[in-house]
Each structure stands twice: as C-alpha cells, then as structure tokens.
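Topology and contacts: notes
What follows is each chain in one-letter form.
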Amino acid sequence: MNKQIDIIVREARLEELPDLKAFEQEIIRYERSFAPQLKEDPITYYDIKELIQRDDAQVLVAVDGNKIIASGYALVKKSEPYFRSEQYAYLGFMFVAPKYRGQGINGVINQNLIVWAKERGLSEIQLEVYASNDSAIRAYRKMGFQPNILNMRLNIEEIESKS
C-alpha cells in the first residue's frame, strides 16, 4: 500500500536555513557533472538568508508533514535596456529530495512562483539550466519554457590537456 503524501508549498523560514543550505549543496554536487569550471568545495550559489528577507524575492519550500522536501525561488531582476520587459522573474534553487522526485513537486513550486511574479506585474520568467542537463530541459519545456540564449564557454587549459 502506497503512503499518501500531503504536500504543502509555503514560504521558507529563516529557521530552516540549515536544511536549505543542505539542499544547495545537493544542487552543487549534482551540477558538478555539467560544470567542470566550478571551484572545489566549499562553494555556495545563493545567499538564501538574504533571499528570504528580500521584498523582491520569494523563496518557497514544499513540506511533507514537518519535513522540507523541495525548494525554489523567484527574484525580480532588471532586464537589459533593449528588451521589452523592464523586469523579469528569475527562478533558481530548484531542488526536490530524491525520494519525492517524479511527483510534480518542482512543477507546483514553479507554478506558485509564476503566480507570485504575475501578482507583481511581471510577464517574463527566466531560469538557467546546463545545456547538457537533458532531464531538466525536458521538465522545463513541459512547463512551457523555451530555450533563449545559449551561453557557450571555452577553457583553453581543458583543451590543451586533451591534446
């Protein structure tokens, strides 16, 4: 018999920083296979405490009972002056605990963040994903995201070590 889980999505709390920082390290560990340019540990991507406290950001968590199982944030950013929208919502910090993956939890968090952005009058939503992260690209395409600009890199030392 499968246990019915009752997931609630809500704003993150400062007292949850240890769990959220652990999620961040899981994201970094996963992304290392896509990003050889990352420094050695310890590194961080986000100032989670600041994001929780900002008025122009929304950090959400999904909880199962009293256990945090997923996270994500939206942050209002200024667009380049040549774009139609003056501002956009940038999504990041997307993590779902392994046991809960494949249940649409990331999609629920994203939908909540999109609603938050719409409530602020934003119509443009952006996020970044590594070009070789096929599963993430498929998931975001399923939600309606489309590729925009492909950021390319060249590390001369990596090329020279292969020759």
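Read on for a plain summary of the structure. (Residues numbered from 1 in each chain as written. Predicted model: local features only at pLDDT ≥ 70, side-chain atom pairs only at ≥ 80, totals over all residues. Heavy atoms only, no water.)

1. Describing helix H1 (residues 17–31)
Side chains that are three or four residues apart share a direction in an α-helix, a result of its 3.6 residues per turn. The terminal C-alpha atoms of H1, which comprises 15 residues, lie 21 Å apart, in line with the 21 Å expected from a rise of 1.5 Å per residue. Taken together, the buried positions of H1 are occupied by Leu17, Leu20, Phe23, Glu24, Ile27, Ile28 and Glu31. Buried residues of H1 fall within an arc of 140 degrees about the axis and therefore sit on the same side. Next to the buried residues of H1 lie helix H2 (48–53), strand S2 (57–64), strand S3 (67–78) and strand S4 (87–96). (Helix = DSSP H or I, 4+ residues; strand = E, 2+ residues; numbered from the N terminus. Expected span 1.5 Å × (residues − 1). Buried < 20%, exposed > 50% of the residue type's maximum accessible area, 1.4 Å probe, protein only. Arc of directions from axis to C-beta. Contact = heavy atoms within 4.5 Å.)

2. A short note on the environment of Ile68
With respect to the helices and strands, Ile68 occurs in strand S3. Overall, Ile68 belongs to the buried group, its relative accessible area being 9%. Between the alpha carbons of Ile68 and Glu16 there is a distance of 8.4 Å; along the sequence they are 52 residues apart.

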